[in-house]
Amino acid sequence: MDAMDATDARDATDDGRPAGTPHLTVEHVGATLVLTLDRPEARNALSPPMLVGLYDGWLAADADDGVRSIVLTGAGGAFCSGMDLKALAGGATAGGPWRARFDADPDLHWKAMLRHHRPRKPVIAAVEGPCVAGGTEILQGTDIRVAGASATFGLFEVRRGLFPIGGSTVRLPRQIPRTHALEMLLTGRPYTADEAERIGLVGHVVPDGTALAKALEIAELINANAPLAVEAVKACVHDAAALPEPEALRLELDRGRPVFDTADAKEGARAFAEKRPAVYRRA
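Only a predicted model underlies this, so the values are computations on that prediction, with no experimental measurement involved. (Residues numbered from 1 in each chain as written. Predicted model: local features only at pLDDT ≥ 70, side-chain atom pairs only at ≥ 80, totals over all residues. Heavy atoms only, no water.)

1. Structural notes on the overall build of the protein chain
- Of regular secondary structure, the protein chain possesses twelve helices and ten strands.
- Restricting to contacts in the protein chain with at least 6 residues of sequence separation, those with at least 24 account for 64%.
- As displayed, the protein chain offers around 13,500 Å² of accessible surface, 57% of which is attributable to carbon and sulfur atoms. (Helix = DSSP H or I, 4+ residues; strand = E, 2+ residues; numbered from the N terminus. Contact = heavy atoms within 4.5 Å. Areas by Shrake-Rupley, 256 points an atom, 1.4 Å probe, with all protein chains shown as cover.)

2. Concerning the packing of helix α6 (residues 168-175) against helix α7 (residues 178-187)
- Between α6 and α7, the least distance of the axes is 7 Å, while the angle of their chain directions is 145°. Facing Ser168, Thr169, Leu172 and Pro173 of α6, the residues of α7 in contact are Ala181, Met184 and Leu185. (Axes fitted to C-alpha atoms, helices over the stretch in contact; angles between N-to-C directions.)

3. Digging into the sheet that holds strand β8 (residues 152-154)
- As summarised here, the arrangement of the three strands in space is β6-β8-β9, forming an open sheet in which the pairing is mixed. Of all the strands in the sheet, the pair left with one neighbour each is β6 (130-132) and β9 (191-192).
- With three bridges joining them, β6 and β8 adopt parallel strand pairing. Looking at the pairing, Cys131 lines up with Phe153 of β8. (Pairing = 2+ DSSP bridges.)

4. A short note on the nonpolar core
- Among the nonpolar cores identified, the biggest contains 46 residues, and Leu35, Leu54, Trp58, Val127, Phe153 and Leu201 are the most heavily contacted of them.
- Element by element, the count of residues in this core is highest for helix α1 (residues 48-63), at seven residues.
- Non-local contacts of Val127, meaning those with residues more than four positions away in its chain, are made with Phe79, Leu139, Val146, Ala147, Gly148, Ala151, Phe153 and Ala211.
- If you look at the next biggest cluster of nonpolar residues, it comprises 13 residues, including Ile124, Ala126, Ala215 and Ile218. (Core = buried A, V, L, I, M, F, W, Y, C linked by side-chain atoms within 4.5 Å. Buried < 20%, exposed > 50% of the residue type's maximum accessible area, 1.4 Å probe, protein only.)

5. A short note on the packing of helix α10 (residues 227-240) against helix α11 (residues 245-260)
- Following both chains from N to C, one finds α10 and α11 inclined at 170°, their axes separated by 10 Å at the closest point. Comparing their axes, α11 and α10 come out roughly antiparallel. Touching Ala229, Ala232, Ala235, Cys236, Asp239 and Ala240 of α10 are Ala248, Leu251, Glu252, Arg255 and Val259, all from α11.
- Looking at the contact of α10 with α11 residue by residue, the class counts come to eight nonpolar, no polar and three charged. (Parallel < 35°, antiparallel > 145°, perpendicular 65-115°, else oblique. Nonpolar A, V, L, I, M, F, W, Y, C, P; charged D, E, K, R; others polar.)

6. Some points on the confidence of the model for the protein chain
- Per-residue confidence for the protein chain gives a mean pLDDT of 90; residues scoring 70 or more make up 89%.
- This stretch, residues 1-20, has a pLDDT under 50; its non-local contacts, to residues over four places away or in other chains, come to 40 contacts. (pLDDT = per-residue confidence, 0-100.)

7. Re the packing of aromatic side chains
- According to the stated counting rule, one finds zero aromatic pairs in the structure shown.
- Here the basic side chain of Arg115 rests over the ring of Trp110, its NZ or CZ set 5.2 Å away from the ring centre.
- Positioned above the aromatic ring of Phe156, the side-chain terminus of Arg159 is 4.9 Å from the ring centre. (Phe/Tyr/Trp six-rings, centres within 6.5 Å; stacked < 30°, edge-to-face > 60°. Lys NZ or Arg CZ within 6 Å of the ring centre and 35° of its normal.)

8. Examining helix α9 (residues 211-223)
- The end-to-end C-alpha distance of α9, which contains 13 residues, comes to 18 Å, matching closely the 18 Å that a straight helix rising 1.5 Å per residue would cover.
- By the burial criterion, the buried members of α9 are Ala211, Ala215, Leu216, Ile218, Ala219, Ile222 and Asn223. Along the axis of α9, the buried residues cluster in a sector spanning 160°; they form a single face. Facing away from the buried surface of α9 by more than 90 degrees, the exposed residues are Ala213 and Leu221. (Expected span 1.5 Å × (residues − 1). Arc of directions from axis to C-beta.)

Below you can see the structure in the form of structure tokens.
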């Protein structure tokens, strides 16, 4: 894996992390960009520099035509234990580039957590260990989700007199059955990986330690497909979700018809006829 940071600087720090992205490791694995929350001593709680790096990572992935998918995971056997409230409220943003970034864009943390921002490229979550509070909220912004067998999920905010304002009261009832969404939101209890799969919060449960490998396997299947078609399908699924069916079907035609006119669509037909792998060029 060739490490680099989200701003494309290639100088690394002494501990091997990309320069300028504390608490986040960014790597290329083929055509997949892997973003790793890298603060295991805090169970990968979301810190200001991590949020800045995440947002920059989403932007960098979309700007790079060589990237066809994104995997989000966590280091040290944890995905994310939520927001580091002390860091956000106190000294972690007091100096350096992080404070300036938040001052320049007050919504940056929401964009980083995929509440106010949706990457064009498919995002696959590889979850090991705790994925709770803000971790479960950022999970809802991903497209495909893989969990290790011991992973845990939950929105604990009501237990602490708080509100899950990372999008959960809106997104969760649209992604899983309403009764399960309300139970998760109102009880604040933890959920096992098997429960999360049963209610549809995650798509795969795999042996502990293999979530990233499974996510990369799925990413490779996506990467082999025509990128313009993949991105158009993702955008249509998202944008049509809240529309009445007649409007959604019109949107599907509007988004789908131009894909048939691309050079990649013609290449796909030729490759099928010639019984060879297609070579897609985003054209």
